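Listed here are the chains, written in short residue letters.
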Amino acid sequence: MSWEVVIGLEVHVQVNTKTKAFCGCSTAFGAEPNTQTCPVCLGMPGQLPVLNAEAVQKTILTGLAINATINLESRFDRKNYFYPDLPKGYQISQFAVPLVEKGYLDIPVGDGEKRIGITRIHMEEDAGKSMHEGLEGVSHIDLNRSGVPLMEIVSEPDMRSADEAIAYLKQLHQLIRFLDVSGGDMEKGQFRCDANVSVRRPGEPFGTRAELKNLNSFRFIKQAIEYEANRQIELIEDGGEVVQETRLFDSAKGESRSMRSKEEAHDYRYFPEPDLPPLRVSAEEVAAIRAGMPELPGQLRQRFEQEYGLSAYDADVLTQTRELAAWYEQLVAAHPKDPKRCANWMANELLGRLNDAGRDIADSPVNAQALAGLLDRIDDGTISGKIAKDVLDAMMESGDSADAVIEAKGLKQVSDTGAIDALIREVMETNPQQVEQYRNGRDKLFGFFVGQVMKATRGQANPAVVNQRLKILLQG
Amino acid sequence: MDIDVKNVAMLARIRLTDAEATELGPQLERIVGYVEQLAAVNTEGVTATAHPHDMAMPLRADVVSNTNQRDALQTAAPKTESGLYVVPKVIE
C-alpha cells in the first residue's frame, strides 16, 4: 500500500522597510555588528514599541494579493522563550487575531493548477543573529536584525509532495518580489522556510508531524522533505511511531536530526502584548492599498500571451520578475513591429548571454533601446539574423550600439544584386560540373551553391537576395 | 488546580530548590484560584477586551531616526568583543 506525504509550510518573509518593526533603527543589511540597535530592540526595561506603518501596509498588500481576508482589527501577543539573540525574552507576534487570514495561492502542478490554502499571515519581529563557529565556550551575538519586521505566511497542509512544496514556495517568492514587499534574498535570510511533514495512508487522518527548521534554499527544502518523509515511512513500517518534534536539516550530510527534546516542547505561553493596543485599519485604507496593487505574475503572463502573441513558455520566462517584464515592454515599445521576435531575442539570446556572464537584467550592458536597434538592422536587411548574433556578442562586450559594431567590423550585409551576381558567376565558373549536374535535375545542389556564395562573402551576403539571384542565374 | 511548579520555573529560567517549590506551589494555586473567580461571570455576547484602554494603535512613519549608539549601549553588557555581545555557548 502506498504512502501519502502531507506538507504544510511556514514562510518567514523579511519586509523590506527602511526601519525596524517597532523602532526607528535602520534595517540595512551588512552593517557593522550592533550599530543598528536602540533601547527598544535591545529589550531595555521601560521602552515602548511603536509599530511601523509601512510594514502594516506591505502585509495588507500581500494579504490582498493572496485573496485573503484583512482583519480590520488585529492584535499583538508575546511569544515567550529564552535565547540570547532575543533580548526581551519574548517575540512580539500576532497569535490570537492576525492581520491577514484565509487566502490561497494557485500553483502549477503538471499541466494544471492546484489551490493551496493560506491559513494566515501575521506580523512579527525578527531575532538577532548568533555566531558559534570557531569560538570556544562562547557564542557571539549581533542584534542588528533584532526587531526587523517579518511576515509569517502559514499554509494549510495542502501539499502532497516535495515538488508541490517547491512550486508553492517559488510562486510565493515570485509574488513577494512582484509586490516589492521583500527583497526575497534567501542567502540573506529574507525568505526562510519551515516545513511540517507527516505521512499517512491515503484517506486516513493526518499522521504525527515533524517540523523541519530553517530551510534556506529551494534545493535543500526538497531534499529535507524527501528525507523526512522516507524517515517516517521506514520508522512506521518497522513498527515505530513518529514523535512530534523539531528537526534540523544538515545539508552537508543530507539528513536531519532532532533539535529539541520532548521535555522542552514548545510552550510559548502567549499572552496579549500589553504595550500595544489593537491594530485598527479602515476599509478605506485597505481599498487604497488594493488600488495600488501592481499587475501580478499570472495576469502579466496572460496579457503577454494575448497582447504580444507570445508562447506560454516565453511569457513565463519574461514575467519571472517585474524587472524582466518591464525590460521586455521597453523593448517592444522601441521595436513595436515584431513583439515575438523581441521575445525570442530577449529570452534566448540576451538572457542566455547574461546568464553565462552571471549578470542580471538590471546590469545588462545592452539596454532595451540598444537591442531594438539591433533588431531594426535585421529588419531593414543591413545584417542577417546569423550575423546579428555576432553583433550582439560584440555589443555585450563593448556596450556599443549595433550600428557602431556593424560599421567598425564591416559586417554590413551585401544586398546589391550586381555584386552578388558577380560572385555567383565566379562560383559557377569554378564549379562547372556541379552546374551541369544541377541543370540535369540534381536540385539538391542548390544548397551547395548558396553555401559557396555565403562563404565567399563570409556570411555577409543577404541570403534572400542570394537565393533569388541563384535561381535565375543557374537556369542559364 | 494543580500547578507543576518545577515546569513553570524551568520555563521562566528560575532555579528552585525542592523546599522552595513545595512552599510556592500552594501560594501559586491560591493566586490562580483568586483570578479564577472571574470564570463565574457570564461573558456571553461580550467582546473580549484586547487592551484596557479603548484606543487604536498609533503608527510610526518608516523613517530612520536612530543613529549608532553602540558604545553607550554596550556599557550595560557584561562582555563584548569587536562590537559583538559575548554570551555562554548556545548549543543547537
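Quick caveat, the model's predicted, so the values are computed rather than measured.

1. Regarding the overall build of chain B
Alright, step 1. Within chain B, the secondary structure is distributed over three helices and three strands.
Alright, step 2. Each helix and strand of chain B, placed in order from N terminus to C terminus, yields the pattern α-α-β-α-β-β.
Alright, step 3. Across the 92 residues of chain B, 7% fall into the buried class.

2. Examining the overall build of chain A
Alright, step 1. Per the secondary structure count, chain A includes 15 helices and 17 strands.
Alright, step 2. Its C-alpha atoms give chain A a radius of gyration of 31 Å, more than 25% over the compact-globule value 23 Å for 476 residues.
Alright, step 3. Dimensions of chain A, computed from the C-alpha atoms along their principal axes, are close to 95 × 55 × 50 Å.
Alright, step 4. A separation threshold of at least 6 residues defines the contact pool for chain A, and within that pool the share at least 24 residues apart is 68%.

3. Description of the interface of chain A and chain B
Alright, step 1. Between chain A and chain B, the contact holds 41 residues from the first and 32 residues from the second.
Alright, step 2. Among the secondary structure elements, those contributing two or more residues to the side of chain A that touches chain B are strand 2 (51-52), helix 1 (53-65), strand 10 (138-142) and strand 17 (279-280) of chain A.
Alright, step 3. Broken down by element, the side of chain A that touches chain B gets its largest block of residues, five residues, from strand 10 of chain A.
Alright, step 4. Residues of the side of chain A that touches chain B, tallied by class, amount to 20 nonpolar, 13 polar and eight charged.
Alright, step 5. Bridge count for strand 2 of chain A against strand 1 (residues 59-60) of chain B is two bridges, and the pairing is parallel. Residue pairing across strands places A:Leu51 opposite B:Leu59, the latter belonging to strand 1 of chain B.

4. Here we look at the domain arrangement of chain A
Alright, step 1. Along its sequence, chain A is organised into domain 1 (4-288), domain 2 (297-409) and domain 3 (417-475).
Alright, step 2. Among the residues forming the side of domain 1 of chain A that touches domain 2 of chain A, the class breakdown is two nonpolar, one polar and one charged.

5. So, the sheet that holds strand 6 (residues 90-93) of chain A
Strands pair in a sheet through their backbones, by hydrogen bonds, and they do so in one of two ways: parallel or antiparallel.
Residues and elements named next belong to chain A.
Alright, step 1. With antiparallel pairing, three strands are arranged side by side in an open sheet as 6-5-16. Only two strands of the sheet have a single partner each, and these edge strands are strand 6 and strand 16 (271-272).
Alright, step 2. In this structure, strand 5 (residues 77-80) lies alongside strand 6, joined through four bridges in antiparallel fashion. Of the residues in strand 6, the one forming a bridge with Asn80 is Tyr90.

6. Quick notes on the pairing of strand 13 (residues 210-215) of chain A
Residue and element names in this part refer to chain A.
Alright, step 1. Pairing of strand 12 (residues 191-200) with strand 13 involves four bridges; the strand directions are antiparallel. Of the residues in strand 13, the one forming a bridge with Cys193 is Leu215.
Alright, step 2. When strand 13 meets strand 14 (residues 245-250), the two strands line up parallel, connected through four bridges. Each bridged residue has a counterpart across the sheet, and for Glu211 the counterpart in strand 14 is Thr246.

7. Quick notes on the confidence of the model for chain B
Alright, step 1. Looking at chain B as a whole, the pLDDT averages 89, with 97% of positions reaching at least 70.
Alright, step 2. Scoring the predicted complex yields pTM 0.83 and, for the interface, ipTM 0.89.

8. What about the sheet that holds strand 3 (residues 69-70) of chain A?
Residue and element names in this part refer to chain A.
Alright, step 1. Reading across the sheet, the nine strands line up as 3-7-8-11-1-12-13-14-15 and stay open at both edges, with mixed pairing between neighbours. Strand pairing shows two members of the sheet lacking a second neighbour, strand 3 and strand 15 (255-258), which therefore form its edges.
Alright, step 2. With two bridges joining them, strand 3 and strand 7 (residues 100-109) adopt antiparallel strand pairing. The partner of Ile70 across the bridge, within strand 7, is Val100.
Alright, step 3. Helix 3 (residues 218-237) rests against strand 1 (4-14), strand 12, strand 13, strand 14 and strand 15 of the sheet, and its axis sits at about 25° to strand 12.

9. Overview of the nonpolar core
Residue and element names in this part refer to chain A.
Alright, step 1. Judged by nonpolar contacts, the single largest core of 69 residues is most densely connected at Ala165, Tyr168, Ala195 and Ile225.
Alright, step 2. The biggest single contributor to this core is helix 2 (residues 162-178), with eight residues.
Alright, step 3. Not counting the four nearest positions on each side in its chain, Ile225 is found in contact with Ile7, Ala162, Ala165, Ala195 and Val197.
Alright, step 4. By size, the runner-up hydrophobic cluster in this structure holds 35 residues, among which are Leu375, Ile383, Ile387 and Ala388.

10. Some points on the packing of helix 7 (residues 322-334) of chain A against helix 9 (residues 368-379) of chain A
Residue and element names in this part refer to chain A.
Alright, step 1. Here helix 7 crosses helix 9 at 45°, and the two axes come no closer than 8 Å. When the axis of helix 7 is compared with that of helix 9, the two are oblique. The two elements helix 7 and helix 9 cross, and the hand of that crossing is right-handed. Residues Trp327, Gln330, Leu331 and Ala334 of helix 7 pack against Ala368, Gln369, Leu371 and Ala372 of helix 9.
Alright, step 2. Here the residues of the contact of helix 7 with helix 9 sort into six nonpolar, two polar and no charged.

11. Here we look at the packing of helix 9 of chain A against helix 10 (residues 385-398) of chain A
Residues and elements named next belong to chain A.
Alright, step 1. Interaxial distance between helix 9 and helix 10 falls to 10 Å at its minimum, and their mutual angle equals 155°. Relative to helix 10, the element helix 9 lies roughly antiparallel. Considering how the two elements wind past one another, helix 9 and helix 10 form a crossing that is right-handed. Packed against helix 9, whose contacting residues are Ala370, Leu374, Arg377 and Ile378, the element helix 10 presents Gly385, Ala388, Val391, Leu392 and Met395 at the interface.
Alright, step 2. When its residues are assigned to classes, the contact of helix 9 with helix 10 shows seven nonpolar, one polar and one charged.

12. Overview of the pairing of strand 11 (residues 149-155) of chain A
Residue and element names in this part refer to chain A.
Alright, step 1. The element strand 11 is largely enclosed, with a buried count of five among its seven residues.
Alright, step 2. Alignment of strand 8 (residues 112-125) against strand 11, held across seven bridges, turns out to be antiparallel. Bridge pairing links Glu125 to Pro149 in strand 11.

13. Examining the environment of A:Leu175
All names here are of chain A.
Alright, step 1. Tracing the sequence through the fold places Leu175 in helix 2.
Alright, step 2. The class of Leu175 is buried, set by 21 C-beta atoms lying within 10 Å.
Alright, step 3. In sequence terms Leu175 and Thr62 are 113 residues apart; their C-alpha atoms lie 8.3 Å from each other.
Alright, step 4. With sequence-adjacent residues up to four places away left out, Leu175 is seen in contact with Ala65, Leu296 and Pro297.

Conventions we followed
- Residues numbered from 1 in each chain as written.
- Chains lettered and ligands numbered in written order.
- Predicted model: local features only at pLDDT ≥ 70, side-chain atom pairs only at ≥ 80, totals over all residues.
- Helix = DSSP H or I, 4+ residues; strand = E, 2+ residues; numbered from the N terminus.
- Buried ≥ 20, exposed ≤ 12 C-beta atoms within 10 Å, placed from the backbone.
- Rg over C-alpha atoms; globule rule 2.2 N^0.38 Å.
- Contact = placed C-beta atoms within 7 Å.
- Nonpolar A, V, L, I, M, F, W, Y, C, P; charged D, E, K, R; others polar.
- Pairing = 2+ DSSP bridges.
- Domains from an automatic or database assignment.
- pLDDT = per-residue confidence, 0-100.
- Axes fitted to C-alpha atoms, helices over the stretch in contact; angles between N-to-C directions.
- Core = buried A, V, L, I, M, F, W, Y, C linked by C-beta atoms within 7 Å.
- Parallel < 35°, antiparallel > 145°, perpendicular 65-115°, else oblique.
- Left-handed = near helix turned anticlockwise from the far one by under 90°.

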